[in-house]
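One letter stands for each residue in the lines below.
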Amino acid sequence: MILSEDGQYLATGDSHQSIAFSFRTGRSTVSKIIKEVCQEIWNNLHPTYLPAPSEQIWNEAVEGFSKVWGFPNCLGSIDGKHIKVKCPSNRGSSYFCYKNFFSIVLLAVVDPFYKFMVVDIGSYGRHSDNAIFENSAFFRQYIDGKTILPSKPLPGTDNPVPHVFIGDEGFALQTYLMRPYPKATMISDIKKKKFNMRLSRARRVVENAFGILAMEWRVFLRSIETDVKTAECIVKAACCLHNYIMIKNNNTFIESEEQTETIRALSDMRSTNRRTNTAAFEIREQFASYFNK
């Protein structure tokens, strides 16, 4: 009964009350079961299906992005999405996002095969992608003052270029993170346009991963009616189950119209206009020149 109740909740997003009626149990019991089972899913699955990235995992991601998506030296595609939650007690304003609803944020790094490599869950909805990213445990552990993989030349070139993540306008351009050129500057610049096209193509894996997540686990299509801590457990469990399913399906994914529509269930983060340094601009220029050959 426990697995049935929790599975129905994740798969359908039905209210606790309707599930309680279906299984002839109390609403508080359903809430308790959902939290406990999601915690156990995370505890049992994440060491195998969402482990802390190792050097081998990073290298496999780099190889995949180069072969499948034509973007060399790419460690992963990164993005953040708002997960709707009910108004938290006492701290509602912190969770109220620019989309005019209460949310926690799922920040994720995705590999070239639509699997989550890193997830950071629970940040306040009012924060931007970049602020959440730079305050995350992942940033402190892998990026702040550190190098995940040493620089290496892009194929057919001689100058070493750093390994980078790729993101959208929600992130600041950094030596370790590439974002698109502003639209106003690329209209008449073929080199910048080609860079944006290549980055967009490779970056789409994170959008598709979010779309698959919401399509399989429809709890994300409406506001999660639990407290914030339980909502975090639900998101963590769903991410582990997503990776489990992708691996069992041999990383295969066929984009459908339904999946594309479902992406909209998870709202984008706000763009950032934060200034960057000259080194980051130069690295983006190196990628742009490489793609323009």
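Up top you'll find the structure we're talking about.
Read on for a plain summary of the structure.

What counts as what
- Residues numbered from 1 in each chain as written.
- Predicted model: local features only at pLDDT ≥ 70, side-chain atom pairs only at ≥ 80, totals over all residues.
- Heavy atoms only, no water.
- Helix = DSSP H or I, 4+ residues; strand = E, 2+ residues; numbered from the N terminus.
- Buried < 20%, exposed > 50% of the residue type's maximum accessible area, 1.4 Å probe, protein only.
- Axes fitted to C-alpha atoms, helices over the stretch in contact; angles between N-to-C directions.
- Parallel < 35°, antiparallel > 145°, perpendicular 65-115°, else oblique.
- Contact = heavy atoms within 4.5 Å.
- Nonpolar A, V, L, I, M, F, W, Y, C, P; charged D, E, K, R; others polar.
- Phe/Tyr/Trp six-rings, centres within 6.5 Å; stacked < 30°, edge-to-face > 60°.
- Lys NZ or Arg CZ within 6 Å of the ring centre and 35° of its normal.
- Left-handed = near helix turned anticlockwise from the far one by under 90°.

Within the protein chain one finds 12 helices and 8 strands. Across the 293 residues in the protein chain, those meeting the buried criterion constitute 51%.

What follows concerns the packing of helix 9 (residues 190-216) against helix 10 (residues 228-248). The packing of two helices is summarised by the inter-axis angle and the distance between the axes. Put simply, helix 9 and helix 10 touch, their axes get as near as 10 Å, and they point 105 degrees apart. In terms of orientation, helix 9 and helix 10 fall into the roughly perpendicular class. From helix 9, Ala209, Ile212 and Leu213 reach across to helix 10, where they touch Ala238, Cys239, His242 and Met246. A per-class count over the contact of helix 9 with helix 10 returns 6 nonpolar, 1 polar and no charged.

Right, let's talk about the packing of aromatic side chains for a bit. Within this structure, the stated rule accounts for 20 aromatic pairs. A centroid spacing of 5.9 Å and a plane angle of 75 degrees characterise the contact between tryptophan 58 and tyrosine 142, whose relative ring orientation is edge-to-face. Highlighted residues: tryptophan 58 in helix 4 (residues 55-69) and tyrosine 142 in helix 7 (residues 137-143), separated in sequence by 84 residues. Each member of the pair, tryptophan 58 as well as tyrosine 142, is classed as buried. Through a chain of ring-to-ring contacts, three or more aromatic side chains come together here, namely Trp58, Phe133, Phe138, Phe139, Tyr142, Phe165, Phe171 and Tyr176. Looking at arginine 284, its charged tip hangs above the ring of tyrosine 181, at a distance of 4.1 Å from the centre.

The next point concerns the packing of helix 4 against helix 9. Running from N to C, helix 4 and helix 9 cross one another at 120 degrees; their axes reach a closest spacing of 11 Å. One element, helix 4, and the other, helix 9, form an angle in the oblique class. Both helix 4 and helix 9 take part in a crossing whose hand is right-handed. Residues Phe65, Val68 and Trp69 of helix 4 pack against Arg198, Arg201, Ala202 and Val205 of helix 9.

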